[in-house]
Amino acid sequence: LVENRIWNVNAYYPIIGMTNCLSPGGFAGFVSTNAGIYSSKPPSWNPKSSSVDFEVTSTHFNSNGEVVNGTYTLILADSISKCLWGKTASQGKASISVTYGDGTENVITTSYKRKNGWSYFSANGFHYSSPTLKLQITDVPKTSLVCSNYSIKRTITGESPKCPKGFFPVKS
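The following refers to the structure shown. As the structure is a computational prediction, the values presented were derived from the model and not from experiment.

**Here we look at the side chain of Ser97**
Now for step 1: With respect to the helices and strands, the residue Ser97 is situated in strand β6 (residues 93–99).
Now for step 2: In contact with Ser97, other than residues within four places in its own chain, are Glu105, Thr132, Leu133 and Lys134.

So this is what it looks like as structure tokens:
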């Protein structure tokens, strides 16, 4: 058996459910996957789960009988993220889930970085059959911490707040 490597580049417009987020002729993003078969449409907006969904399919095993580990990368303009979720991934918590037809989820490795107005999301290590990948950006839970330097008390709020130099945490 010979495994072929195929490169396929397509441009799609409009992105399903994202038409109000795009300007004519604008570039919204880029998808890359090692899937043998994938949706012929760009990722779609799922209003029920507030996620961008993409369907992929491939053989479960390669020609050597090894399980094929999937890869998926989505590069999305920050303007699109802001339009869809009301925030960019740097203002919230980005997550990618892989769900199969029977409802089970696969443990995967995900990564995120932001550079020059673009968000780079990547999911690796999922197995094939025909999973749906869902990208979500949710609010980051914030907590508060009361800090003191004996004469002044300050409340610090954030994802993981820390007392400023010269202050120490006070138990409420």
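**Notes on the pairing of strand β4 (residues 51–57)**
Now for step 1: Along β4, 5 of the 7 residues are buried, which leaves the element largely enclosed by surrounding structure.
Now for step 2: With 2 bridges joining them, strand β2 (residues 37–38) and β4 adopt antiparallel strand pairing. Within the sheet, the bridge partner assigned to Tyr38 lies in β4 and is Val56.
Now for step 3: Two elements, strand β3 (residues 44–46) and β4, share 3 bridges in a ladder whose sense is antiparallel. Across the sheet, the residue bridging to Ser44 is Asp53, located in β4.
Now for step 4: Of the pairings in the sheet, the one linking β4 to strand β9 (residues 132–138) comprises 5 bridges and is antiparallel in character. The residue bridging Phe54 from the neighbouring strand is Leu133, located in β9.

**Examining the state of the cysteines**
Now for step 1: Under the criterion given, the structure shown has 1 disulfide.
Now for step 2: Cys147 shares a disulfide with Cys163; S-S distance 2.1 Å. Disulfide Cys147-Cys163: the torsion about the S-S bond is -85°, which places it as left-handed. Of this pair, Cys147 sits in strand β10 (residues 143–148) while Cys163 sits in the loop between β11 (153–158) and β12 (168–169), and the two are 16 residues apart along the sequence.
Now for step 3: Take Cys147: its relative accessible area is 0%, and that puts it in the buried class.
Now for step 4: Look at Cys163 and you get partly exposed, because its relative accessible area is 21%.

**With respect to unusual backbone geometry**
Now for step 1: Positive phi outside glycine occurs at Ser50, with the angle close to 50°.
Now for step 2: Along the chain, Ser50 falls in the loop between β3 and β4.
Now for step 3: Not every positive phi belongs to a glycine, and Asn116 is a case in point at roughly 50°.
Now for step 4: Topologically, Asn116 is positioned in the loop between β7 (109–115) and β8 (118–127).

**Some thoughts on the side chain of Ser122**
Now for step 1: For Ser122, the position within the fold is in strand β8.
Now for step 2: Accessibility expressed as a relative area gives 13% for Ser122, which makes it buried.
Now for step 3: Among the polar contacts made by the side chain of Ser122, one reaches the side chain of Asn124 at a distance of 3.1 Å.
Now for step 4: When near neighbours in sequence (up to four residues on either side) are disregarded, Ser122 contacts Tyr72, Thr73, Ile96, Thr109, Thr110 and Ser111.

Scoring rules and cut-offs
Residues numbered from 1 in each chain as written. Predicted model: local features only at pLDDT ≥ 70, side-chain atom pairs only at ≥ 80, totals over all residues. Heavy atoms only, no water. Helix = DSSP H or I, 4+ residues; strand = E, 2+ residues; numbered from the N terminus. Contact = heavy atoms within 4.5 Å. Buried < 20%, exposed > 50% of the residue type's maximum accessible area, 1.4 Å probe, protein only. Pairing = 2+ DSSP bridges. Disulfide = S-S within 2.5 Å. Polar contact = N/O pair within 3.5 Å; in protein donor to acceptor, adjacent residues only side chain to side chain.

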